[in-house]
Amino acid sequence: MTKFKIKKSRSTPLNKIKQLIKNPKFGVLFTDHMAHAHYENGKWTNFEIVQFQNLSLSPAAAVFHYGQEIFEGAKAYKRKDGSVYTFRIDQNAKRFQASARRLALPELPEKEFVDSVFELVKLDHAWVPTGENQALYIRPFMIATEPYLGVRSSNIVDYYVILAPVGSYISGVANVWVEEDFFRAGPGGTGSAKCGGNYAASLLPKNTAHARGCDDTLYLDARNVKYIEEFSGMSFFAVTKNRTLLTPKISERILDSITRKSVIQLAKALKFKVEEKDLVFKDILKAIKNHEITEIFMCGTAAVITSVASLKGKRFKVQVGSGKMGPVAEQLKKELVGIQRGEKPDRFHWMNRIK
């Protein structure tokens, strides 16, 4: 039995929804409803699904001044028979709790997190697009809403879930700038939490990367400027000529990506060797030049898997492999997307039916 109750609201006519979701851009179109829960006096209340609407907050709300907030990203997929499934939503619930602990926010119980997503997607299932590279993007988030300017954790918090029909996040392959002056996270920081501050810090370097003709940024560690960590919002993988996958081991500075975990599990099932370890960027660069590394790809919820065509920095520019999508990345993406869309067996029990 879910705690989330649907309030009376308007729904967009079905024929208009079909037109709107034919070719959706990423993150600009939203469905009719949103989920909400309120935290105050040490408990969660007001579990509801309401009309998608603007929020009314005090200008003194803590989220505006101290950035006390977290979020998640997941997707729902519609299959040929009209059924709708989410991908590993239980993992999103667990990571949301971990982020809440790091940002001194109250933990939302896993059941309430999953119920909020299921009930909302069930209500707005007509918005799930069915085209290639299309899905319904799920964005749960929690914000500190207490009107208080003292520096402490907020006693009043609101939780929301919104939905967005989306298409491709990145088209084709990516050219990447290797950043040596700015850093995504440092030791003891919030790198392992999914919070806005991590992404805000990446925006200036990403703008700089765009100005240099690149699509994204690859970050090195802040202490030594030596080890590979992750891209602006995705995980790093390299593929050696003997088809071994290399990826940085998870740390307090790196987000524990659900797509990354899935890629590792899938790759091992496909008999690839996977090594999670510290990766020295200079060694990776040398291996690319010597053709010891044949592919690099990034992975995350939004883009799934995207190959890196080239790496560029202050003193170098190198093409990775053929400069096109690599065969290992392509195989892994086909397998992963096939599971998500119900075209391949769900051997890991990752998918959860909503409707």
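For the structure, see preceding data.
Residues numbered from 1 in each chain as written. Predicted model: local features only at pLDDT ≥ 70, side-chain atom pairs only at ≥ 80, totals over all residues. Heavy atoms only, no water.

## Quick notes on the packing of aromatic side chains
Evaluation of the coordinates by the stated rule reveals 15 aromatic pairs. Measuring from ring centre to ring centre gives 5.3 Å for Phe96 and Phe113, while their planes differ by 50°; the resulting arrangement is tilted. One end of the pair, Phe96, is in helix α3 (residues 89-102); the other, Phe113, is in helix α4 (residues 110-123), with 17 residues separating them in the sequence. For the pair formed by Phe96 and Phe113, the shared burial category is buried. An angle of 25° between the planes, with centres 5.4 Å apart, marks the rings of Phe141 and Tyr160 as stacked. Of this pair, Phe141 sits in strand β7 (residues 135-144) while Tyr160 sits in strand β8 (residues 157-166), placing them 19 residues apart in sequence. Note on Phe141: relative accessible area 18%, which makes it buried. In this structure, Arg79 packs its charged tip against the face of Tyr85, placed 3.6 Å from the ring centre. (Phe/Tyr/Trp six-rings, centres within 6.5 Å; stacked < 30°, edge-to-face > 60°. Helix = DSSP H or I, 4+ residues; strand = E, 2+ residues; numbered from the N terminus. Buried < 20%, exposed > 50% of the residue type's maximum accessible area, 1.4 Å probe, protein only. Lys NZ or Arg CZ within 6 Å of the ring centre and 35° of its normal.)

## Things to note about the nonpolar core
Residues Trp44, Phe113 and Val121 are the most contacted members of the largest nonpolar core, which totals 41 residues. For this core, the secondary-structure elements that each account for two or more residues are β2 (33-40), β3 (43-51), β5 (74-78), α3, α4, β7 and β8. With six residues, α4 is the single largest residue contributor to this core. Setting aside residues no more than four positions away along its own chain, Val121 makes contact with Ala76, Val84, Leu136, Ile138, Leu163 and Ile354. (Core = buried A, V, L, I, M, F, W, Y, C linked by side-chain atoms within 4.5 Å. Contact = heavy atoms within 4.5 Å.)

## Overview of helix α7 (residues 281-289)
Along α7, the residues that are buried comprise Phe281, Ile284, Leu285, Ala287 and Ile288. Angularly, the buried residues of α7 cover 160° about the axis, an arc narrow enough to put them on a single face. More than 90 degrees from the buried face of α7, the exposed residues found are Lys282, Asp283 and Lys286. The positive-phi residue at the C-terminal boundary of α7 is His291, with phi of around 65°. (Arc of directions from axis to C-beta.)

## Points about the pattern of salt bridges
Throughout the structure, instances matching the rule amount to 20 salt bridges. For Glu110, the salt bridge is made with Lys94, and the minimal N-O distance between the two is 3.2 Å. Of the two residues, Glu110 sits in helix α4 while Lys94 sits in helix α3, which places them 16 residues apart along the sequence. A relative accessible area of 38% means that Lys94 is categorised as partly exposed. By sharing partners, the salt bridges in this structure join Lys273, Glu275 and Lys277 into a single network. (Salt bridge = Lys/Arg side-chain N within 4 Å of Asp/Glu carboxyl O.)

## Remarks on the environment of Glu107
By the secondary structure assignment, Glu107 is in the loop between α3 and α4. Residue Glu107 is classed as partly exposed on the basis of its relative accessible area of 34%. Expressed as a C-alpha distance, the spacing of Glu107 and Phe96, which sit 11 residues apart in the sequence, is 7.8 Å. In this view, Glu107 contacts Trp44, Gln97, Ala100 and Arg101; residues no more than four positions away in its chain are not counted. At 3.2 Å, the side chain of Glu107 and the side chain of Arg101 are in polar contact. (Polar contact = N/O pair within 3.5 Å; in protein donor to acceptor, adjacent residues only side chain to side chain.)

## Concerning the environment of Thr2
Relative to the helices and strands, Thr2 is located in the segment before β1 (5-6). Among the residues examined, Thr2 registers a relative accessible area of 17% and is labelled buried. Through-space distance from the C-alpha of Thr2 to that of Lys111 is 8.6 Å; in sequence the pair is 109 residues apart. In this structure Thr2 touches Lys111, Asp115 and Glu119, once residues within four positions along its chain are discounted. A polar atom in the side chain of Thr2 sits 3.1 Å from the backbone nitrogen of Phe4.

## Focus on unusual backbone geometry
Glycine aside, residues mostly have negative phi angles, and peptide bonds mostly take the trans form. One non-glycine residue with positive phi stands out, namely His291, at about 65°. Topologically, His291 is positioned in the loop between α7 and β15 (293-300). Residue class for His291 comes out exposed when judged on its relative accessible area of 60%.

## As for α4
Here α4 spans 20 Å end to end across 14 residues, near enough to the 20 Å set by a 1.5 Å rise per residue. Of all 14 residues in α4, 10 are buried; the element is thus mostly enclosed. Taken residue by residue, α4 has Glu112, Phe113, Val114, Asp115, Ser116, Val117, Phe118, Glu119, Leu120 and Val121 as its buried positions. (Expected span 1.5 Å × (residues − 1).)

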